[in-house]
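Fold and geometry: a report
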Amino acid sequence: MPAKKAADSGKAADSGKAAVEKVAAGRGTTKAPADKGPVSKGAAARKPESHTALVRRARRINRELAEIYPYAHPELDFENPFQLVVATVLSAQTTDLRVNQTTPALFAKYPTPEDLAAADPEEVEEILRPTGFFRAKTKSVMGLSKALVEEFGGEVPGRLEDLVKLPGVGRKTAFVVLGNAFGRPGITVDTHFQRLVRRWRWTEATEPDKIEAAVGALFPKSDWTMLSHHVIFHGRRICHARKPACGACPIAPLCPAYGEGETDPEKAKKLLKYEKGGFPGQRLNPPQSYLDAGGRPAPPLGAG
């Protein structure tokens, strides 16, 4: 995360503690109208929403999420653009936690693109085995390292059109790198982001590039990177794929899909994950603002 954003996040951490406590208690910063409960799916379906109203609701959701997750950050451990692009490629079909538990050994042995490009593939495969699909991932990270050395002087490029040329790097990975290593706005359309923006009816698109365009049109470009973090944090902690914790969701009054999950507050609280449910997060070395807000770092690989 760029230094300025990390500092801003740290400043917001204290004000965010109250929001964290409210979520953990099954309450939120957003209040439902006194005479109306959260928006039901049926009611939302019957009442068309103008584009202007959609923009207002979408931006309000983002503002609420910014209060709930003032410490939102990329959940992959990294110290430089090279580590981030490799970690993001490795995160396919596995959790960020598993990647974070695996990359310390990888980067200790191969700290630069030159080192990884010249590595013994079998040794790299053995390190990456815990992440799954380790042969394909070894080919990708060694291939992108070789491309960085041969085409970019061993440096990760800061342009979208260059990043997507690297083996294993698509638009999602490129925007993660651009937004968090270079401070250039981008929308990260991962599975959580896709699920939530469709639940919130920001778009009906299913293809990542169309989702990216539709959601990007609702927000100023300067919001894109942190919007991605807010949405993904919410998807991992509260608005889960199978059992969303609707009864513990602070943006329930703004959600057309309220009721898809558990609405009883006490039962919903038991569905909360990561720091919201009192469990460790996904990073071994999270930002200080996350720790200040009550988050706990993940255990290293092999820890009991």
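First things first, this report covers the structure right here in the doc. These numbers come from a predicted model, not from an experiment.

Some remarks on the overall build of the chain
Along the chain, the regular secondary structure elements total 15 helices and 0 strands. Evaluated residue by residue, the chain yields a buried proportion of 49% over its 304 residues. Considering only intrachain contacts with a sequence separation of at least 6, the fraction spanning at least 24 residues in the chain is 65%. Within the structure as shown, the chain displays about 14400 Å² of accessible surface, and the carbon and sulfur contribution to it stands at 52%.

Things to note about unusual backbone geometry
Of note in this structure, R201 is not a glycine but carries a positive phi near 60°. Here R201 shows up in the loop between α11 (191-199) and α12 (208-216). With a relative accessible area of 38%, R201 lands in the partly exposed category. Of note, Y274 is a non-glycine position whose phi angle comes to about 55°, a positive value. Tracing the backbone through its elements, the reader meets Y274 in the loop between α14 (265-269) and α15 (288-292).

A look at α11
Inspection of α11 places H192, F193, R195, L196, V197 and R199 among the buried residues, and these make up the whole buried set. Elements that come into contact with the buried residues of α11 comprise α12 and α13 (224-237). Once α11 finishes, R201 follows within two positions and takes phi at roughly 60°, a positive value.

Re the pattern of salt bridges
Under the criterion given, the structure shown has 15 salt bridges. Between R236 and D96 there is a salt bridge, with its nearest N and O atoms 3.0 Å apart. One end of the pair, R236, is in helix α13; the other, D96, is in helix α5 (residues 96-109), with 140 residues separating them in the sequence. E266 is paired through a salt bridge with K269; the nearest N and O atoms lie 3.4 Å apart. A residue pair is termed a helical-turn pair when its members lie 3 or 4 positions apart in one helix, as E266 and K269 do in helix α14 at 3 residues. For K269, a relative accessible area of 25% translates into the label partly exposed. Salt bridges sharing common partners tie together E75, D96, R236, R237 and E275.

Some thoughts on α5
Taking 1.5 Å per residue as the helical rise, α5 with its 14 residues ought to reach 20 Å, and the 20 Å between its terminal C-alpha atoms agrees with that figure. At T103, α5 shows its largest kink, close to 35°, and the proline P104 lies no more than four residues downstream. Along α5, the residues classified as buried are D96, V99, N100, Q101, T102, T103, L106 and F107. Packed against the buried residues of α5 are α4 (81-90), α6 (113-117), α7 (121-128) and α13.

What counts and what doesn't
- Residues numbered from 1 in each chain as written.
- Predicted model: local features only at pLDDT ≥ 70, side-chain atom pairs only at ≥ 80, totals over all residues.
- Heavy atoms only, no water.
- Helix = DSSP H or I, 4+ residues; strand = E, 2+ residues; numbered from the N terminus.
- Buried < 20%, exposed > 50% of the residue type's maximum accessible area, 1.4 Å probe, protein only.
- Contact = heavy atoms within 4.5 Å.
- Areas by Shrake-Rupley, 256 points an atom, 1.4 Å probe, with all protein chains shown as cover.
- Salt bridge = Lys/Arg side-chain N within 4 Å of Asp/Glu carboxyl O.
- Expected span 1.5 Å × (residues − 1).
- Bend = angle between axes of the 7 residues up to and from the residue.

The quantities given are spatial measurements derived from coordinates; they are silent on function.
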